[in-house]
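# Structure assessment
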Amino acid sequence: AQSVTQLDSQVPVFEEAPVELRCNYSSSVSVYLFWYVQYPNQGLQLLLKYLSGSTLVKGINGFEAEFNKSQTSFHLRKPSVHISDTAEYFCAAAAQGGSEKLVFGKGTKLTVNP
Amino acid sequence: EAQVTQNPRYLITVTGKKLTVTCSQNMNHEYMSWYRQDPGLGLRQIYYSMNVEVTDKGDVPEGYKVSRKEKRNFPLILESPSPNQTSLYFCASSFVTNNSPLHFGNGTRLTVT
C-alpha cells in the first residue's frame, strides 16, 4: 500500500514570492502522482498529474511539479504566487496496475499575503 | 458541463435522524467514492464503488451506508447520525483505471447536534 506525506501543514508566503509545497510518497510499486487544489468553499480540482515520461510536469495556473524517483518526492512549485493561489493543496498517489485508488496526503494550506 | 453534483450543500440535523446526501455524475464514470474532510486529518475515504451494484468499505465506513443502483448516482446514507459525523463530505468519480483523475463535487457540510 502507498502512503503520502506532505511535510508542511501550513505555508505562508508573500505575493510574488516563489513557493514550494513538499510531498513524499512511499510505495513498493511504481505510482501515478497527482496534485489537487481546494479553494475555499469548493471541492478539489486537479492541478497536475505525473503518469510517465518527463519528470517535470506543468499544470494549471503556472504550477509545476517534479517527480524524483530516487527521493520518492513530487514537490509542487510556482515561481511567483498571487493572492488568488491561497488554497489548500493535496498530494495523492495511486499504484500503477493496482486496484486501489488514490491515497491522499493531509494537505498543505498555502496563504499568500499582500 | 461535466460535473459531480452533491446535495444539499449544507445540512444541520439532530442525533439519530436518518439522512441521505445525494451524489450524481454525468461523465459515465464507473468509479465513485465518498470522502470526509476534517481539520488536521485530510481526506478519509468512507465507501467506494467500482461499478453498478459493487460497493466496498474505505478507511472509515462505520455509521455510513451507500448504494449504487445506477451508474450515475451514489447516495450516502446516515441511518442514525451522531455528533462525531459532523464533517465536510465530498463525492468523487472517475474512470476505473488508476491513472484517471478524480472529479469532485462541491461538498456537503453536515452538522449533527
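Residues numbered from 1 in each chain as written. Chains lettered and ligands numbered in written order. Predicted model: local features only at pLDDT ≥ 70, side-chain atom pairs only at ≥ 80, totals over all residues. Heavy atoms only, no water.

Within chain B one finds zero helices and eleven strands. Overall, chain B shows an N-to-C arrangement of helices and strands of β-β-β-β-β-β-β-β-β-β-β. For chain B, whose C-alpha radius of gyration is 13 Å, the value lies close to the compact-globule estimate of 13 Å for 113 residues. Its C-alpha atoms give chain B principal-axis dimensions of roughly 40 × 30 × 25 Å. Burial status across chain B gives 50% buried among its 113 residues. Counted over contacts in chain B with a minimum sequence separation of 6, partners at least 24 positions apart contribute 54%. As displayed, chain B offers around 5400 Å² of accessible surface, 50% of which is attributable to carbon and sulfur atoms. Counting 12 positive and 9 negative side-chain charges, chain B places the averaged centre of each group 6 Å from the other. (Helix = DSSP H or I, 4+ residues; strand = E, 2+ residues; numbered from the N terminus. Rg over C-alpha atoms; globule rule 2.2 N^0.38 Å. Buried < 20%, exposed > 50% of the residue type's maximum accessible area, 1.4 Å probe, protein only. Contact = heavy atoms within 4.5 Å. Areas by Shrake-Rupley, 256 points an atom, 1.4 Å probe, with all protein chains shown as cover. Lys, Arg positive; Asp, Glu negative; His and termini not counted. Charge placed at Lys NZ, Arg CZ, Asp CG, Glu CD.)

By the element assignment, B:Ser93 lies in strand β9 (residues 87-94). The contacts of B:Ser93, once residues within four sequence positions are left out, are B:Val4, B:Gln25, B:Met27, B:His29, B:Tyr31, B:Met32, B:Pro101, B:Leu102 and B:His103.

Residue and element names in this part refer to chain A. Counted according to the given criterion, the structure contains nine salt bridges over all chains. Between Arg77 and Glu20 there is a salt bridge, and its shortest N-O distance comes to 2.8 Å. Separated by 57 residues along the polypeptide, Arg77 in strand β9 (residues 73-78) and Glu20 in strand β3 (residues 19-21) bring together distant segments of the chain. A relative accessible area of 28% places Arg77 in the partly exposed class. A salt bridge links Asp85 to Lys78; its shortest N-O distance comes to 2.8 Å. (Salt bridge = Lys/Arg side-chain N within 4 Å of Asp/Glu carboxyl O.)

What follows covers the interface of chain A and chain B. Listed per partner, the contact involves 22 residues of chain A and 23 residues of chain B. Interface area, chain A with chain B, both sides summed: about 1700 Å², of which 56% is carbon and sulfur. If you sort the residues of chain A by the area they bury against chain B, A:Leu44, A:Lys101 and A:Phe104 come out on top, with a joint share of 35%. Counting across the interface, chain A meets chain B through zero salt bridges. Residue assignment for the side of chain A that touches chain B shows that the elements contributing at least two residues are β5 (31-38), β6 (44-50) and β10 (87-95) of chain A. Of the residues assigned to the side of chain A that touches chain B, the class counts are eleven nonpolar, six polar and five charged. (Buried area = accessible area lost by both parts, 1.4 Å probe. Nonpolar A, V, L, I, M, F, W, Y, C, P; charged D, E, K, R; others polar.)

Bringing the state of the cysteines into the picture now. The tally for this structure, following the rule as stated, stands at two disulfides over all chains. One disulfide in the model links A:Cys23 with A:Cys91; its S-S distance is 2.0 Å. Looking down the S-S bond of the A:Cys23 and A:Cys91 bridge, the torsion is -65°, so its handedness is left-handed. Highlighted residues: A:Cys23 in strand β4 (residues 23-26) and A:Cys91 in strand β10, separated in sequence by 68 residues. Relative accessible area serves as the criterion here: at 0%, A:Cys23 is assigned to the buried category. Take A:Cys91: its relative accessible area is 0%, and that puts it in the buried class. The side chain of B:Cys23 participates in a disulfide bridge whose partner is B:Cys91; the two sulfur atoms lie 1.9 Å from each other. What sets the handedness of the B:Cys23 and B:Cys91 disulfide is the S-S torsion sign, and at about -70° it is left-handed. Of the two residues, B:Cys23 is situated in strand β3 (residues 19-25) and B:Cys91 in strand β9; the sequence distance between them amounts to 68 residues. Since its relative accessible area comes to 3%, B:Cys23 is described here as buried. (Disulfide = S-S within 2.5 Å.)

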